[in-house]
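# Observations on the three-dimensional arrangement
Each chain, written out:
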Amino acid sequence: MDVDPPAPAEIQAIVHAGVPLAAAWGIEVIAAADGAATCRLPWQEALLRPGGTVSGPALMGLADVAMWAALLGVTGGRDESLTTSLTIHFLRRLPPGAVLAEARLLKRGRLIYGEVLIRSEG
């Protein structure tokens, strides 16, 4: 049963406590409600790969956190789900800079399905 969503700052605190790497990277939860969430990964030179593009591991981590934030937004901030599968398609490289992830739950049940669009901020 869905409940009133916690404020984005509350979800961010839950995410940072549950995934310390998200806190270390400074991932921000901008919005999370109605089965959707937007998260921001601030610019950090440490997240680049050779060639000056944001690294795949950073983008996959951001996608995973954004999906969890979307789920936390519909469960009142209470959730202990685990990621069982993550598929990513890199359509083009992201230049150095902040990155946004927009997550949306598609189906909830025993397994949860969703999608995340990742793009450069601005």
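Residues numbered from 1 in each chain as written. Predicted model: local features only at pLDDT ≥ 70, side-chain atom pairs only at ≥ 80, totals over all residues. Heavy atoms only, no water.

### What to know about the environment of Arg40
Counting through the fold element by element, Arg40 comes out in strand E2 (residues 36-41). Linking Arg40 and Gly73, residues 33 residues apart in sequence, is a C-alpha distance of 16 Å. Of note is the side chain of Arg40, whose polar atom sits 2.8 Å from the side chain of Glu121. (Helix = DSSP H or I, 4+ residues; strand = E, 2+ residues; numbered from the N terminus. Polar contact = N/O pair within 3.5 Å; in protein donor to acceptor, adjacent residues only side chain to side chain.)

### Description of the sheet that holds strand E5 (residues 99-107)
Taken in spatial order, the four strands line up as E1-E2-E5-E6 in an open sheet, and their pairing is antiparallel. A single partner strand is all that each edge strand has here, and the edge strands are strand E1 (28-33) and strand E6 (113-120). Recorded for the sheet is a direction-independent mean angle of 15° between the axes of neighbouring strands. Taken together, the six bridges between E2 and E5 define a ladder with antiparallel strand orientation. The residue bridging Ala36 from the neighbouring strand is Arg104, located in E5. The strands touched by helix H3 (residues 56-74) are E1, E2, E5 and E6; relative to E5, the strand with the most contacts, the crossing angle is about 50°. (Pairing = 2+ DSSP bridges. Axes fitted to C-alpha atoms, helices over the stretch in contact; angles between N-to-C directions. Contact = heavy atoms within 4.5 Å.)

### Let's talk about the side chain of Thr53
Mapped onto the fold, Thr53 is located in strand E4 (residues 53-54). Apart from the residues within four sequence positions on either side, Thr53 is in contact with Leu47, Leu48, Arg93 and Leu94.

### Re the pattern of salt bridges
Taken as a whole, this structure holds four salt bridges when the rule is applied. One salt bridge connects Glu121 with Arg40, and the closest N-O pair in it is separated by 2.8 Å. With a gap of 81 residues between them, Glu121 in the segment after E6 and Arg40 in strand E2 connect regions that are remote in the sequence. Judged by its relative accessible area of 19%, Arg40 falls in the buried class. Here Arg119 makes a salt bridge to Glu102, at a shortest N to O gap of 3.0 Å. (Salt bridge = Lys/Arg side-chain N within 4 Å of Asp/Glu carboxyl O. Buried < 20%, exposed > 50% of the residue type's maximum accessible area, 1.4 Å probe, protein only.)

### Overview of the pairing of E2
Successive residues of a regular strand alternate their side chains across the two faces of the sheet. As paired strands, E1 and E2 are joined by five bridges and run antiparallel to one another. Looking at the pairing, Ala33 lines up with Ala36 of E2. In sequence, E1 turns back onto E2 through a hairpin of two residues, with Asp34 there showing a positive phi of about 55°.

### Digging into the confidence of the model for the protein
In the predicted model, the protein carries a mean pLDDT of 91, and 98% of its residues have values of at least 70. Mean pLDDT across the elements of the protein ranges from a minimum in strand E3 (residues 48-49), with 90, to a maximum in E2, with 97. (pLDDT = per-residue confidence, 0-100.)

### A closer look at the nonpolar core
Counting 29 residues, the largest nonpolar core has Ile11, Val15, Ile27, Cys39, Leu41, Leu62 and Val99 as the members making the most contacts within it. Going through the elements one at a time, helix H1 (8-18), helix H2 (20-25), E1, E2, H3 and E5 are the ones with two or more residues in this core. It is H3 that contributes the most residues to this core, 12 residues altogether. In this structure Leu41 touches Trp25, Ile27, Leu47, Ala58, Leu62, Ala98 and Val99, once residues within four positions along its chain are discounted. (Core = buried A, V, L, I, M, F, W, Y, C linked by side-chain atoms within 4.5 Å.)

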